[in-house]
Amino acid sequence: RSGCTEIPVVVHVVWRVAAENISQAQIDSQIAVLNADYRKHNADVSSAPAPFAPLAADSRVVFKLATTDPNGNPTNGVTRTQTQVNGFSDDDAVKSAATGGANAWPRDQYLNIWVCKLGGGLLGYAQFPGGPANTDGVVILHSAFGTSGTAAAPFNLGRTATHEVGHWLNLRHIWGDDGDGCGGSDFVADTPNQAGPNFGAPAFPHVSCSNGPNGDMFMNYMDYVDDRAMVMFTTGQVTRMQAALDGPRSAIGH
Ligand code: ARG
Ligand code: ZN
Ligand code: CA
């Protein structure tokens, strides 16, 4: 499809102690980051190395906190649920009221984002298109969400949500999810073949899998580098996200 697609978002804040009940300002800061990153309006895209800069692309996806809830009533697009659970995992418990979380809103109308405490060093996780409806969406650690409040360096620039929503729109990890091998693929033609994930803030170039001289596109949102080091999606990734919006996610967005 041409033009922009606007995705209504519901943020489910699931909190045990007061600090986890993040502020509206912190939520708004995350929506602003998603909109900057997905429209290529992020100022730091200018830090992409010259050989990769021409591949940086506008995804044409826009995010807006929902203004109507599933019952047709006005909403600010945020639900707040107190829980007894001291740290969730990737088992989807946060997505159900029966297990101390909050139920999903219909995925054909909303992108569900759960924000909570996660254990085990997990920053977030996502469900790809085609999974069960009641667990559809992304989960983000509260201290890796947005740019203010409890957001903590080096994951305080909102890029965990940028990354996880990429998965929700069918993007794979840029290294092909094959451990450190060179045989995996992200099914995107304009991202270099890459061995394993990169972490921190690598120096350019970082060569693997004979991908020199430019090496890994570690500054891509679908790598594992720190927030300040990830700045772009590629044209090929945008094609893949748009295919998801025309296919398995065609019900959502206008
Ligand atoms: N699912 C990944 C993890 O939990 C998210 C990585 C996000 N990276 C980032 N720089 N924010 O490790
Ligand atoms: Zn990921
Ligand atoms: Ca690989």
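Above this text you will find the structure in question.
In what follows, the accompanying structure is described. Quick caveat: nothing in here was measured; it's all calculated off a predicted structure. (Residues numbered from 1 in each chain as written. Chains lettered and ligands numbered in written order. Predicted model: local features only at pLDDT ≥ 70, side-chain atom pairs only at ≥ 80, totals over all residues. Heavy atoms only, no water.)

Below, the discussion takes up the pattern of salt bridges. Counting across every chain of the model gives seven salt bridges. When the shortest N-O distance is used, the salt bridge between Arg159 and Asp37 registers 2.8 Å. In this pair, Arg159 sits in helix α2 (residues 159–168) while Asp37 sits in helix α1 (residues 24–38), placing the two residues 122 residues apart along the sequence. By relative accessible area, Arg159 is classed as buried at 4%. A salt bridge links Arg107 to Asp136; the shortest N-O distance between them is 3.5 Å. Taken together, the residues span a long stretch of sequence, with Arg107 in the loop between β3 (78–82) and β4 (111–116) and Asp136 in the loop between β5 (124–126) and β6 (138–141) at a distance of 29 residues. Take Arg107: its relative accessible area is 26%, and that puts it in the partly exposed class. Connected via shared salt-bridge partners are Asp37, Asp44 and Arg159. (Salt bridge = Lys/Arg side-chain N within 4 Å of Asp/Glu carboxyl O. Helix = DSSP H or I, 4+ residues; strand = E, 2+ residues; numbered from the N terminus. Buried < 20%, exposed > 50% of the residue type's maximum accessible area, 1.4 Å probe, protein only.)

The next point concerns the packing of aromatic side chains. Taken as a whole and judged by the stated rule, the model has seven aromatic pairs. Aromatic pair Tyr38 and Phe63: ring centres 5.1 Å apart, planes at 75°, arrangement edge-to-face. Pair noted here: Tyr38 is in helix α1 and Phe63 is in strand β2 (residues 61–65), with a separation of 25 residues, a long-range link. Aromatic pair Tyr38 and Phe233: ring centres 4.9 Å apart, planes at 55°, arrangement tilted. One end of the pair, Tyr38, is in helix α1; the other, Phe233, is in the loop between α2 and α3 (235–246), and 195 residues separate them in sequence. The same class applies to Tyr38 and to Phe233, which are both buried. (Phe/Tyr/Trp six-rings, centres within 6.5 Å; stacked < 30°, edge-to-face > 60°.)

With that settled, consider the nonpolar core. Counting 47 residues, the largest nonpolar core has Val11, Tyr38, Phe63, Ile113, Val165 and Met232 as the members making the most contacts within it. Contributing elements (two or more residues each) for this core: β1 (5–15), α1, β2, β4, β6, α2 and α3. A per-element tally of this core places β1 first, with five residues. By size, the runner-up hydrophobic cluster in this structure holds 12 residues, among which are Ala93, Trp114, Tyr125 and Ala144. (Core = buried A, V, L, I, M, F, W, Y, C linked by side-chain atoms within 4.5 Å.)

Taken together, Leu122, Leu123, Gly124, Phe155, Arg159, Thr160, Glu164, Tyr224, Val225, Asp226, Asp227 and Met230 make up the full set of residues adjacent to ligand 1. Here Gly124 contributes a backbone N or O atom positioned 3.0 Å from a nitrogen atom of ligand 1. Between ligand 1 and the protein, one listed contact pairs a nitrogen atom with a backbone N or O atom of Val225 at 2.5 Å. Considered on its own, ligand 1 offers 350 Å² of accessible surface; in the complex 90% of this is hidden by protein. Of the residues forming the shell around ligand 1, the biggest block, three residues, is contributed by α2. Here the shell around ligand 1 is built from residues that sort into six nonpolar, two polar and four charged. (Near = heavy atom within 4 Å. Polar contact = N/O pair within 3.5 Å; in protein donor to acceptor, adjacent residues only side chain to side chain. Areas by Shrake-Rupley, 256 points an atom, 1.4 Å probe, with all protein chains shown as cover. Nonpolar A, V, L, I, M, F, W, Y, C, P; charged D, E, K, R; others polar.)

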